[in-house]
Amino acid sequence: MRIVIDLQACQSTGSRHRGIGRYSLSLAKAMLENAKDHDCRLLLSGLFPETIADLRRTFAAYLPPEKIHVWQAAQPVAELLSENKWRCRTAELVREQALAALGPDMVHVTSLFEGSGDNAVGSIAANGNALASSVTLYDLIPLVYKKQYLTTQAQQDWYYRKLISAKRADLLLAISEATRQEGIDYLQLSPEKVVNISSAVDPQFTVRSASDESMLALRQRYGLLKPYVMYTGGIDLRKNIDGLIEAYAALPSLLRQQHQLAIVCSVQAHDRERLRALAARYGLAEQDLVLTGFVPDHDLPLLYQECKLFVFPSWHEGFGLPALEAMSCGVPVIAANTSSLPEVLGCQDALFDPRSIAAITSKMMQVLSDTQFAGFLREHGLKQAQQFSWDASGKKAIAAFEQFHAQTKNQKCHGILDKKPFSSAPLGVQKLRCAYISPLPAVASGIADYSAELIPALAEHYEMTLIVSQDNVADAWLRAGFQIKDARWFTQNRAKFDRVLYHFGNSPAHLYMYALFDRFPGTIVLHDFFLGDSLAYFDLNDIAPGLWTKLLYEAHAYPALLELRAAESHLDLIRRYPCSPALTLRADGVIVHSNYSKALATKWMGAEIASQWEVVPHLRRLPHHQNKLEARIRLGLDQDAFLVCAFGMLGPTKLNQELVQAWDASTLAHAENCHLVFVGQNDSGSYGAELDAMLNNSPARDRMKITGYADIELYRTYLQAADLAVQLRTQSRGESSGTVVDCMAYGLPLIINRNGAMAEVREDVAHGLEDQFSLIALQTALEQMFGDPALRQRLGTQAQAYIAQSRDPASIALAYWDAIEHQSQSAANALMHQTLRQIAAVEATSVSDQDWRITAQALAHNKTISRAPVIHLLVDDTDVDSTEKNLSTEARLLLESVLSEFNAGRIEFVRTSPLGLRYARRWAWRNFDLRYAPVSDDLVDFQAGDYLLAKQHEIPDEIDLAGLTEQVGVRVVFDSISDAHALHFTGRDSDLLKQMMNQMVHHLRT
């Protein structure tokens, strides 16, 4: 589970130096200490830059820099000022986008009721998409005492907006049982939604030893000349300071003469004047009342410890932390008998009615005059304080998250077809508009045929427009039922669509889609995980110069480009580098047809990204009619012939030669009525030539053939006529075989090997060989199927029933709808587009260019907020337009060695510019003689955990190094090691640079 803690309570001017800030800091540490194997992150606001460096240092022992994220927004955003409304609402959307980009399973907001008068920003589901969220619930005092606290319309509006956000949270973590009950009663929440995690005090609040000299100095510093009765906790109406002063003044004269009353907290000038006047009115001398002002944390425990009595007369508290702090320091504590204080003190004899001055006076007099009672309270307080600990609170918080996550996880099924889907638009309600971008018939593409089946069913859920690059669509249903437009029209009309759906495959038919996706990303249906065959074809034949190279760089960085430059044959690179991550990482969502494709995503991009992909299997409708006799007549086959077919284009990955070898070794080769037909186009290279030779030399050559290209009519004729199908694969590229599904739809018994997605075919619908099968195993399977008509009948019947039940277009279309809509409400890229639309809709009389610019920069930063750390090497590229190389041969070879051997992260070259650090892509292209690609030197958007290797004297003053390290969390590395990136390499630099890289790899992994 990924837990993101929004720590603005430790940043905001209203909370960071008060109890809420201290509580949030301690709870966050306790949560991190008890998080077990959970992936925890902190989110900080860049609107309080002065706090970030200290918080990074504070949590350095708990989290690496890359797990402490910072988001930005245009400011000021204080909500009580009407002129800030646009920035305030926009900042909420930007913050929630930053959270979505982190992919959290739970977001914890340490203090939601912030931002009325400063730049704190807090909201739950302001964008309409609820991430699982929890909120610390301190109290609902302004709601309980509305007349005293919500005195203006602006305050009411602000507070009630926060209440609405709080009600949207999945969990409220109350700091006391009394506060928990308030949440249930006042917010009408179900009891299981509000959890009491209690509170605790920091370790510094304990009985200390201190010299007489230091204690004397402490007392003198704060004007404490006698034994004193102490209060701390802020000046507020509900704190009942006026009642405390009046009650203290009512003590017997002798007791008052022996003591002072110390109010230990910040006191504004007008409050100081008012309290002094009140004390004088009740007959207290000036030295009887001590107003210390702000006291730093290191002095507070000793002030507690030294006091004679601690009094906490508050009418209402969420918890009452000062009382627990005083008890932990061994002080007799008395407090009001209201709200949470009875559960904190745990002693009825220590409580009083805060509305009764006489009751307060009586309880103070009892403690100050009865040493035995004071001793009892002191001992009880020390024992009671042990019942509270941050460790316990942290464990309760994590346990609440785990329970909620387990419950929601149990409600989700693993298969998309088994989920309770969204409800599509009912009759009479406007459907969402979807641009469907894919080749269509008569383009020679399996995806074109697939789309022709899917589109009519998907139109039940979306109003669809088909975007193509072909001159003619051969399918009459599609021509009659849908608008069909070209890419240029879509470019001009993108804003009309709610959803954009791309079907990407590994064929030339998809060329037009790459430029569209680059400008208008959407949801991708990825039919092939490896796209290099078509991309290389486009690039190497100058159809789309640089396209393959550019996607290789974006997906696989410089090592792939160095291999491309040196490759004698491009086939190995095509097989090894999928290139698809360059697209899928920018997509609004990704849909694949098999769990095997998700496994490839895990391998290339990590389990976290793969977990967000949805699996929607291939669809197939059953054939309208099947007439085996007619089909055989059309093909010129005898009715008693035994026809075995392999469907699809031929090539090395289809293992066609292995099938011929097994056939020749089997009894089928010698049976006069057995035929083997490859229904598809033969490979045009050496593999196809070898296969032709094998067929010509076969003893059964008169009953074996390759049809060549089979149009849909011929293809379906063979499906109807066949007795057995054999579909073999190797080196799967993540594709799902449409021919396998076709064979099952036609009720054909089927032999497959369990390679790639075919390993997911159920055992009861096909005869499955091992992935790496032997020729004898294939021969045996052929002979078994030939000799067992009952087995063939059973497999074919079960396969057809399976397709009818689970792959019909209506069910698959509903699964598509469900996947697209779920991802549109959860995927960070999809939410980014939604955020942009929502920001555009925020009401404002005028927005400055600067506000727009900062907001745009903040959103751009959010798109990369959770990427893996990158190592940046600063290069000397003073003449950016030069075509000359800067690197010596020795330096270039060294860098190439480092790039090739370093496989634990991405290395990028950067250069200085007047606007900041930029990527040095043009420098790299010319120095390493890389194949052309349309790349530019964009500004670098550094993220926490990134490295910057540089020589210190090469960094110009305009580059804010302190900001990079302290605000962003970049690790800047200087000294001689960094010379290795520049222009002055020596032979010994190589080992030094590699040693530095290894150290960074170790750090990243641990």
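Side note on the overall build of the chain
What the chain contains, in helices and strands, is 41 helices and 31 strands. A burial count over the chain gives 56% of its 1006 residues as buried. Put simply, of all contacts in the chain between residues at least 6 apart along the chain, 74% involve residues at least 24 apart. Put simply, the chain has 95 plus and 115 minus side-chain charges, and the middle of one group is 4 Å from the middle of the other.

Examining the pairing of strand 9 (residues 260-263)
Alternating positions in strand 9 separate into two faces, Gln 260 and Ala 262 on one and Leu 261 and Ile 263 on the other, with burial throughout. In terms of strand pairing, strand 8 (residues 228-231) meets strand 9 through four bridges, oriented parallel. Residue pairing in the sheet places Tyr 228 in a bridge with Gln 260 of strand 9. Handedness of the crossover joining strand 9 and strand 10 (residues 289-291) through helix 11 (residues 269-281): right-handed.

Regarding the sheet that holds strand 30 (residues 947-949)
Read across the sheet, five strands follow the order 29-28-27-30-31 without closing on themselves; strand pairing throughout is mixed. Two strands bound the open sheet, and with one partner strand each, they are strand 29 (918-919) and strand 31 (971-973).

Focus: the sheet that holds strand 19 (residues 589-592)
In space, the seven strands of this open sheet follow the order 16-15-14-17-18-19-20, with parallel pairing throughout. Bordering the open sheet on either side are strand 16 (483-486) and strand 20 (614-615), each of which pairs with just one other strand. Pairing analysis gives two bridges linking strand 19 to strand 20, with the strands arranged parallel. Each bridged residue has a counterpart across the sheet, and for Ile 591 the counterpart in strand 20 is Glu 614. Contacting strand 14 (432-437), strand 15 (462-468), strand 17 (499-504) and strand 18 (523-526), helix 21 (residues 511-519) runs over the sheet at an angle of about 145° to strand 17.

Some thoughts on the packing of helix 36 (residues 828-841) against helix 37 (residues 849-863)
The contact between helix 36 and helix 37 brings their axes to 11 Å, and the two run at 170°. By the angle class used here, helix 36 and helix 37 are roughly antiparallel. Here helix 36 and helix 37 pass one another in a crossing that is right-handed. Residues Asn 829, Met 832, Thr 835, Leu 836 and Ile 839 of helix 36 form the contact with helix 37, whose own contacting residues are Trp 852, Thr 855, Leu 859, Asn 862 and Lys 863. Classifying every residue of the contact of helix 36 with helix 37 by side-chain character gives five nonpolar, four polar and one charged.

Considering the pattern of salt bridges
Here the structure, examined in full by the defined rule, presents 45 salt bridges. As a salt-bridge pair, Glu 402 and Lys 36 come within 3.6 Å of each other at their nearest N and O atoms. Placement of Glu 402 in helix 17 (residues 390-410) and of Lys 36 in the loop between helix 1 (19-33) and strand 2 (39-45) is noted, with a sequence separation of 366 residues between them. For Glu 402, a relative accessible area of 23% translates into the label partly exposed.

What about the confidence of the model for the chain?
Fine structural detail should not be taken from predicted coordinates in areas where pLDDT scores are low. Here the chain averages 91 in pLDDT, and 94% of its residues register 70 or above. Contacts of residues 413-422 to residues separated by more than four positions or lying in other chains number 24 contacts, the stretch itself having pLDDT below 50. pLDDT under 50 marks residues 975-989. Its contacts with residues more than four places away, or in other chains, come to 38 contacts.

Notes on the packing of aromatic side chains
The description of an aromatic ring pair uses the distance of the two centres, along with the angle that the planes make with each other. A complete count under the given rule lists 35 aromatic pairs for this structure. With a centroid separation of 5.9 Å and an interplanar angle of 65°, the aromatic rings of Phe 205 and Tyr 304 are classed as edge-to-face. Taken together, the positions of Phe 205 in the loop between strand 7 (194-196) and helix 8 (212-221) and Tyr 304 in helix 12 (residues 300-306) put the pair 99 residues apart, joining distant regions of the chain. Just as Phe 205 is buried, Tyr 304 falls in that class too. Each member of the aromatic cluster is reached from another via a ring pair, and the members are Tyr 502, Phe 504, Tyr 514, Phe 517, Tyr 537 and Phe 538. One cation-aromatic arrangement involves Arg 281 over Tyr 282; the distance from NZ or CZ to the ring centre is 5.9 Å. Looking at Arg 921, its charged tip hangs above the ring of Tyr 919, at a distance of 4.2 Å from the centre.

A closer look at the environment of Val 875
One can find Val 875 in the loop between strand 27 (870-874) and helix 38 (889-901). Given the relative accessible area of 5%, Val 875 is considered buried. As for Val 875 and Ala 641, which are separated by 234 residues in sequence, their C-alpha atoms are 72 Å apart.

Considerations on helix 7 (residues 177-186)
Residues spaced three or four apart along an α-helix point in a common direction, a consequence of the helix completing one turn every 3.6 residues. Where helix 7 is concerned, the buried positions are Ala 178, Thr 179, Arg 180, Glu 182, Gly 183 and Ile 184. As for helix 7, its buried residues are in contact with strand 5 (133-137), helix 4 (141-144), strand 6 (171-174), strand 7 and helix 14 (341-345). After helix 7 finishes, the residue Gln 188 shows a positive phi value of roughly 55°.

Quick word on the packing of helix 22 (residues 532-540) against helix 23 (residues 547-566)
The geometry of helix 22 relative to helix 23 is characterised by a closest axis approach of 7 Å and an angle of 130° between their N-to-C directions. Classified by the interaxial angle, the pair formed by helix 22 and helix 23 is oblique. On helix 23, the residues touching Gly 532, Leu 535, Ala 536, Phe 538, Asp 539 and Leu 540 of helix 22 are Leu 547, Trp 548, Thr 549 and Leu 551. Here the residues of the contact of helix 22 with helix 23 sort into seven nonpolar, two polar and one charged.

With respect to the environment of Cys 674
Mapped onto the fold, Cys 674 is located in strand 22 (residues 674-679). Between the alpha carbons of Cys 674 and Lys 396 there is a distance of 71 Å; along the sequence they are 278 residues apart. Apart from the residues within four sequence positions on either side, Cys 674 is in contact with Phe 642, Trp 663, Leu 668, Arg 703 and Phe 786.

Points about unusual backbone geometry
The phi angle of most residues is negative, glycine excepted, and most peptide bonds adopt the trans form. That bond from Gln 75 to Pro 76 is cis: its omega, 5°, falls within 30 degrees of zero. Residue position: Pro 76 is located in the loop between strand 3 (68-71) and helix 3 (85-101). A cis amide bond, omega 15°, links Pro 441 with the succeeding residue Ala 442. Along the chain, the position of Ala 442 falls in the loop between strand 14 and helix 18 (446-458). The backbone of Ala 125 shows a phi angle near 55°, a positive value even though the residue is not glycine. By the secondary structure assignment, Ala 125 is in the loop between strand 4 (106-109) and strand 5.

A closer look at the pairing of strand 22
In summary, the side chains of a regular strand alternate between the two faces of the sheet. The element strand 22 is extensively covered by neighbouring structure, given that six of its six residues are classed as buried. Burial of strand 22 is two-sided: the residues Cys 674, Leu 676 and Phe 678 facing one way and the residues His 675, Val 677 and Val 679 facing the other way are all buried. Bridge count for strand 21 (residues 642-647) against strand 22 is six bridges, and the pairing is parallel. Its bridge partner being in strand 22, Val 644 is matched across the sheet by Leu 676. Crossover handedness for the path strand 21 to helix 29 (residues 656-665) to strand 22: right-handed. The sheet contact formed by strand 22 and strand 23 (residues 704-706) spans three bridges and is parallel. Within strand 23, the residue paired with Val 677 across the bridge is Lys 705. In the classification by handedness, the crossover that spans strand 22, the intervening helix 30 (residues 686-696) and the parallel strand 23 is right-handed.

Re helix 22
For helix 22, the full list of buried residues reads Gly 532, Ser 534, Leu 535, Ala 536, Phe 538 and Asp 539. Close packing links the buried residues of helix 22 with helix 21, helix 23 and helix 24 (571-576). Count one or two residues on from helix 22 and you reach Asp 542, which has phi positive near 60°.

Parameters at a glance
Along each chain, residues carry numbers from 1 onward, in the same order as the chain's sequence is written. A pLDDT threshold of at least 70 governs which residues receive local features in this predicted model, and a stricter bar of 80 or more applies before side-chain atom pairs are shown or counted, although totals over entire chains, interfaces and linings include all residues. Working from all heavy atoms in the structure, the side-chain values ignore hydrogens and water. Helix and strand labels come from DSSP, where a helix needs a run of H or I of at least four residues and a strand needs a run of E of at least two; each type is numbered from the N terminus. Relative accessibility decides the category of a residue: with a 1.4 Å probe and only protein chains considered, values under 20% of the type maximum give buried, values over 50% give exposed, and everything between is partly exposed. In this analysis, two residues are considered to be in contact whenever any of their non-hydrogen atoms come within 4.5 Å of each other. The charge count treats Lys and Arg as positive and Asp and Glu as negative. His and the chain ends do not count. A single reference atom marks each charge: NZ on Lys, CZ on Arg, CG on Asp, CD on Glu. Paired strands, as defined in this entry, are two strands with at least two bridges between them according to DSSP. Handedness is read with the strands pointing away from the viewer; a crossover is right-handed when the path from the first strand over the helix to the second is clockwise. To get an axis, fit a line to the C-alpha atoms, keeping to the stretch in contact for a helix; angles then go from 0 to 180 degrees between the N-to-C directions. The labels follow the angle: roughly parallel below 35 degrees, roughly antiparallel above 145, roughly perpendicular from 65 to 115, and oblique for the rest. Handedness of a helix crossing follows the sense of rotation of the near helix relative to the far helix, less than a right angle counterclockwise being left-handed and clockwise being right-handed. Throughout this entry, Asp, Glu, Lys and Arg are counted as charged residues, while Ala, Val, Leu, Ile, Met, Phe, Trp, Tyr, Cys and Pro are counted as nonpolar. The remaining residues, Gly among them, count as polar. Note on definitions: salt bridges are taken to be side-chain nitrogens of Lys or Arg within 4 Å of carboxyl oxygens of Asp or Glu. In predicted models, pLDDT denotes the confidence assigned by the predictor to each residue on a 0 to 100 scale. Two rings from Phe, Tyr or Trp (for Trp, the six-membered ring) form a pair when their centres sit within 6.5 Å of each other. Planes less than 30 degrees apart are called stacked, planes more than 60 degrees apart edge-to-face, and all others tilted. Cation placement over rings: the criterion is NZ of Lys or CZ of Arg within 6 Å of the ring centroid and within 35° of the ring normal.

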